[in-house]
Amino acid sequence: MYSLLSHNTFGIDVYASRFLEYSSTDELKWLIAREGITAPFLHIGGGSNLLFTGDYNGVVLHSRIGGIEVLRETERDVLVRVGAGVVWDDFVVYCVEHGWYGVENLSLIPGEVGASAVQNIGAYGVEAKDRIVSVETIDIHGKERVYAVDECEYAYRDSVFKRPENKSVFVTHVCFLLGKEERYVLDYGTVRKELEKYPSLTLRNVRQVIVDIRKSKLPDPKVQGNAGSFFMNPVVSKEKFEALRSAYPQMPYYELSDAKVKIPAGWLIEQCGWKGKSLGPAAVHDKQALVLVNLGGAKGSDIIALSDAVRASVRELFGIEIHPEVNIIS
Ligand code: EPU
């Protein structure tokens, strides 16, 4: 049995029957050929978006494929190939230090590069898909396939790699196209305003602003177990939105292109009175209600009990169903 405590940022004390790591595509192929990995298996990244509800009676796989390699560079942009096991924020720092634009708004997101392409991580007006060009994979039979970005079916926190039929497809490398010309995305929330504190608009300062905003709202998993946003922001019809807005004129929202509106789940949860409240050893974070935290010694079932209670409140007060963004592994 192998402890998964250091492999899930929620800090849930569970075990896997086996744990396998590999540091290259060849090593993964060799493992597959030698071990003949059979179900159940689970491929994890940094464990920052997982909730284990009990021991995992199967093989847990983890990539340690490293490397940031420049494939092509012009005066305008640079194409880089990054190993799935590279820590996401190390990659962001590398880009910022090299003067490459495009991922600075995604600073400090926990996790690894492989998972960024599976989950289509996003923050402050940018999503991973905006910079991904292609995703290299190997399946459980050792077959390689490169997905062009158009084949990845990217949507809000979603991709083809999350489909159940692709559970045995593992990301080995991700190719990103980054700009070398100054271009920022500053219109989300308070980003532009916070930048006024800095003397100049630079990549480093944009990163610092994002880091500061995140640190002020999101709990550090090293201090308090959590997996970032526990729920996705719900998308409702224009009619539903209008009805809600007349009852709650101060409700924040983002209009989407197809007559739909996204409502921040954090706001809905706060209106239900859950912000900072706990249920047993699980709590709703006091600075961002979208985040559930482990107060210490929580089991997966404690977090689920809180999630169910929060979802029921939101359903009752607003008639809106909110869904976990975190992958629940049972
Ligand atoms: N809000 C509240 N109360 C709260 C939390 C939020 O009223 O407790 C309001 C805020 O005042 C604001 C709006 O809701 O008007 C949006 O809040 P915020 O900017 O914090 O973003 P979010 O929609 O709650 C999403 C992502 C985050 C990402 C931020 C910034 C999802 C599920 N979450 O949160 O991503 O960092 O936007 O772009 O889309 C994650 O995925 O783990 C994550 C942290």
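Here the structure is a predicted model, which means the values were calculated and not measured. (Residues numbered from 1 in each chain as written. Predicted model: local features only at pLDDT ≥ 70, side-chain atom pairs only at ≥ 80, totals over all residues. Heavy atoms only, no water.)

Can you break down the site of the ligand residue by residue, with the values?
Around the ligand, 24 residues are found, and the nearest of them are Tyr124, Tyr156, Arg157, Tyr188 and Glu270. Between an oxygen atom of the ligand and a main-chain N or O atom of Tyr124, the distance comes to 2.6 Å. Taking Lys275, its side chain carries an N or O atom lying 3.1 Å from an oxygen atom of the ligand. The set of elements that each furnish at least two residues to the shell around the ligand consists of β8 (122-123), α5 (203-217), β13 (225-229) and α7 (265-271). No other element matches α7, which puts 3 residues into the shell around the ligand. Looking at side-chain class alone, the shell around the ligand contains 12 nonpolar, 6 polar and 6 charged residues. (Near = heavy atom within 4 Å. Polar contact = N/O pair within 3.5 Å; in protein donor to acceptor, adjacent residues only side chain to side chain. Helix = DSSP H or I, 4+ residues; strand = E, 2+ residues; numbered from the N terminus. Nonpolar A, V, L, I, M, F, W, Y, C, P; charged D, E, K, R; others polar.)

So, the sheet that holds strand β12 (residues 169-179): which residues are in play, and what are the values?
What the 5 strands build is an open sheet, ordered β6-β7-β12-β10-β11; its pairing is antiparallel. For this open sheet the edge positions go to β6 (68-73) and β11 (144-148), each flanked by a neighbour on one side alone. Direction aside, the axes of adjacent strands within the sheet are offset by 20° on average. Of the strand pairs in this sheet, strand β7 (residues 77-83) and β12 are connected by 7 bridges, and their pairing is antiparallel. Each bridged residue has a counterpart across the sheet, and for Leu79 the counterpart in β12 is Leu177. Along the sheet face, helix α1 (residues 25-35) touches β10 (132-139), β11 and β12 and points at about 30° away from the line of β10. Packing of helix α2 (residues 88-97) onto the sheet brings it into contact with β6, β7 and β12, and relative to β12 it is tilted by some 20°. (Pairing = 2+ DSSP bridges. Axes fitted to C-alpha atoms, helices over the stretch in contact; angles between N-to-C directions. Contact = heavy atoms within 4.5 Å.)

Help me get a handle on the packing of aromatic side chains, residues and values and all.
Scanning the model with the defined rule gives 16 aromatic pairs in all. Relative to Phe91, the ring of Trp88 has its centre 5.4 Å away and its plane inclined at 70°; by these criteria the two rings are edge-to-face. Of this pair, Trp88 and Phe91 both sit in helix α2, 3 residues apart, which is roughly one turn of that helix. Using a relative accessible area of 1% as the deciding quantity, one classes Trp88 as buried. When its relative accessible area of 0% is taken as the criterion, Phe91 is described as buried. Here the aromatic residues Phe10, Phe230 and Phe231 are joined through ring pairs into a cluster of three or more. A cation over an aromatic ring shows up here: Arg145 above the ring of Tyr147, its NZ or CZ 3.9 Å from the ring centre. Sitting over the ring of Phe41, Lys167 keeps its end group 4.8 Å from the ring centre. (Phe/Tyr/Trp six-rings, centres within 6.5 Å; stacked < 30°, edge-to-face > 60°. Buried < 20%, exposed > 50% of the residue type's maximum accessible area, 1.4 Å probe, protein only. Lys NZ or Arg CZ within 6 Å of the ring centre and 35° of its normal.)

Any details on the pattern of salt bridges? Residues and values, ideally.
For the structure on display, the rule yields 22 salt bridges. The salt bridge partner of Arg207 is Asp89, with a shortest N-O separation of 2.9 Å. Taken as a pair, Arg207 in helix α5 and Asp89 in helix α2 lie far apart in primary sequence, 118 residues in all. With respect to class, Arg207 is no different from Asp89; both count as buried. (Salt bridge = Lys/Arg side-chain N within 4 Å of Asp/Glu carboxyl O.)

Please provide a residue-by-residue account of the environment of Asp77, values included.
Within the element layout of this structure, Asp77 appears in strand β7. A sequence separation of 155 residues divides Asp77 from Met232, and the C-alpha atoms of the two residues are 32 Å apart. Non-local contacts of Asp77, meaning those with residues more than four positions away in its chain, are made with Arg72, Leu177, Leu178, Gly179 and Lys180. Side-chain polar atoms of Asp77 contact the side chain of Arg72, separated by 3.4 Å.

Tell me about α1, and please be specific about residues and values.
Three or more residues of α1 are buried, namely Thr25, Leu28, Leu31 and Ile32. Down the axis of α1, the buried set is contained in an arc of 120°. They therefore lie on one face. For α1, the exposed residues lying more than 90 degrees away from the buried face are Asp26, Ala33 and Arg34. Close packing links the buried residues of α1 with β2 (15-22), β10, β11 and β12. (Arc of directions from axis to C-beta.)

Describe helix α8 (residues 300-318), and please don't skip the residues or the numbers.
Residues three or four positions apart in an α-helix share a direction because the helix packs 3.6 residues into each turn. In this model α8 runs 27 Å from its N-terminal to its C-terminal C-alpha over 19 residues, within 8% of the 27 Å that 1.5 Å per residue would give. If you follow the buried residues of α8, they end up packed against β4 (50-52), α6 (238-247), α7, β17 (278-279), β18 (282-284) and β19 (291-294). Positioned one or two residues after α8, Gly319 has a phi angle of 65°, which is positive. (Expected span 1.5 Å × (residues − 1).)

Quick rundown of the layout of surface pockets? Include the residues and the values.
Over the atoms rolls a probe the size of a water molecule, and in doing so it shows where empty space is left. By volume, the second largest pocket amounts to about 220 Å³. In this structure, the second largest pocket is lined by Arg76, Asp77, Tyr101, Arg131, Leu177, Leu178, Gly179, Lys180, Glu181, Glu182 and Arg183. The dominant element in the lining of the second largest pocket, judged by the number of residues it contributes, is β12, at 3 residues. Class assignment for the residues of the lining of the second largest pocket results in 3 nonpolar, 1 polar and 7 charged. (1 Å grid on protein atoms, 1.4 Å probe; cavity = no way out; pocket = protein on both sides within 12 Å on 5 of 7 lines; lining within 4 Å. Points joined across faces, edges and corners; volume = space filled by probe spheres on them.)

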